[in-house]
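Structure at a glance
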Amino acid sequence: KERIRRLKELEQKNYEEMVKSIDNMKVLKQVLADSLFEMKEAVRKEEMDVEGNIKQAVKQPGAPGPKGPPGYNGADGKNGTDGPPGLQGRTGSDGKPGKRGPTGS
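Below: a short report on this structure.

**Some details on the overall build of the protein**
Across its full length, the protein holds 1 helix and 0 strands. Taking 13 Å as the expected radius of gyration for a compact globule of 105 residues, we find that the protein reaches 53 Å, considerably beyond that expectation. In terms of overall dimensions, the protein has a C-alpha envelope of 185 × 30 × 25 Å along the principal axes. Within the protein, buried positions represent 0% of all 105 residues. Approximately 11700 Å² of the protein is accessible, and the part contributed by carbon and sulfur atoms is 56%. Positive and negative side-chain charges of the protein, numbering 20 and 16 respectively, have mean locations separated by a distance of 9 Å.

**Brief notes about a nonpolar patch on the surface**
Together, Tyr15, Met18 and Val19 make up a nonpolar patch on the protein surface, roughly 300 Å² of accessible area in all. Here Met18 is to be found in helix 1 (residues 2-59).

**Some points on the pattern of salt bridges**
Under the criterion given, the structure shown has 5 salt bridges. In this structure, Lys45 engages Asp49 in a salt bridge whose closest nitrogen and oxygen atoms are separated by 3.7 Å. Here Lys45 and its partner Asp49 are both found in helix 1, 4 residues apart, which amounts to about one turn of the helix. Judged by its relative accessible area of 37%, Asp49 is partly exposed.

**Examining the environment of Glu41**
Here Glu41 shows up in helix 1. Exposure remark for Glu41: the relative accessible area of 31% places this residue in the partly exposed category. Here the alpha-carbon distance between Glu41 and Glu11, two residues 30 residues apart in the chain, equals 45 Å.

**A few points about the environment of Val43**
Along the chain, Val43 falls in helix 1. By relative accessible area, Val43 is classed as exposed at 56%. Considered as a pair, Val43 and Ala63 are 20 residues apart in the sequence and their alpha carbons are 32 Å apart.

Quick notes on the rules
- Residues numbered from 1 in each chain as written.
- Predicted model: local features only at pLDDT ≥ 70, side-chain atom pairs only at ≥ 80, totals over all residues.
- Heavy atoms only, no water.
- Helix = DSSP H or I, 4+ residues; strand = E, 2+ residues; numbered from the N terminus.
- Rg over C-alpha atoms; globule rule 2.2 N^0.38 Å.
- Buried < 20%, exposed > 50% of the residue type's maximum accessible area, 1.4 Å probe, protein only.
- Areas by Shrake-Rupley, 256 points an atom, 1.4 Å probe, with all protein chains shown as cover.
- Lys, Arg positive; Asp, Glu negative; His and termini not counted.
- Charge placed at Lys NZ, Arg CZ, Asp CG, Glu CD.
- Patch = residues over 30% accessible without salt bridge, like charges linked within 9 Å, V, L, I, M, F, W, Y side chains within 5 Å.
- Salt bridge = Lys/Arg side-chain N within 4 Å of Asp/Glu carboxyl O.

None of the figures reported here should be taken as evidence of function without further support.
Pasting the structure below:
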């Protein structure tokens, strides 16, 4: 009888320890779930910040690139209309006298 009583006490003690372990596991599960949620939120926030920075960087113009090769000459354009007549210039100086003419008869 003593042995059966001791076995029952051990069984009861083991049962109580199992219940405690189960409760501890439930608490641990909740703590892990909360931590996982916090990590997901932190990653989502970081992702939004990075995406915002990328969008802002895309809007800003970059450094100017290298100069391109020279282009080809195009066809000549059409002449425009004549402009208004200009002011008349001053009279020039007298020219050299002409050759002497033939002698008369």
